[in-house]
Amino acid sequence: MLFRAGSASSTRRTRPSGGTLKARFAGRCRCGKAYDKGETISKNPDGWGHPTCV
């Protein structure tokens, strides 16, 4: 078995602590308000949305 440079183990991304991240795409929170790409969001039981709506 050959190993390639840049395998998944060497390119693994780290996640920020606190359960929030920057939105990669615009979307809509469960509160009904939209969030823009780059806005801080967090995971909630219904999907993704504003950290204050979790």
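All values reported here derive from a predicted model rather than from experimental measurement.

Rules behind the numbers
- Residues numbered from 1 in each chain as written.
- Predicted model: local features only at pLDDT ≥ 70, side-chain atom pairs only at ≥ 80, totals over all residues.
- Heavy atoms only, no water.
- Helix = DSSP H or I, 4+ residues; strand = E, 2+ residues; numbered from the N terminus.
- Polar contact = N/O pair within 3.5 Å; in protein donor to acceptor, adjacent residues only side chain to side chain.
- Contact = heavy atoms within 4.5 Å.
- Buried < 20%, exposed > 50% of the residue type's maximum accessible area, 1.4 Å probe, protein only.
- Pairing = 2+ DSSP bridges.
- Axes fitted to C-alpha atoms, helices over the stretch in contact; angles between N-to-C directions.

A. Representation of the side chain of N44 in the model. Mapped onto the elements of the fold, N44 is located in strand β4 (residues 40-44). For N44, the side chain forms a polar contact with the main-chain nitrogen of D46, separated by 2.8 Å. Residues within four places of N44 in sequence aside, it is in contact with R30, G49 and V54.

B. How the structure looks around the environment of C31. Along the chain, C31 falls in the loop between β2 (27-28) and β3 (34-35). The exposure class assigned to C31 is partly exposed, which follows from its relative accessible area of 39%.

C. Quick look at the side chain of H50. Tracing the backbone shows H50 in the segment after β5 (47-49). A residue is classified by how much of its surface remains accessible, and H50, at 13% relative accessible area, is buried. Among all residues touching H50, those that are not within four sequence positions of it are C29, C31, K33, A34, Y35, E39 and S42.

D. Region of interest: the sheet that holds β5. Reading across the sheet, the three strands line up as β1-β4-β5 and stay open at both edges, with antiparallel pairing between neighbours. With one partner strand each, in any of the chains shown, β1 (20-22) and β5 form the two edges of the open sheet. Averaged over all neighbouring strand pairs, the angle between strand axes comes to 40°, with direction disregarded.

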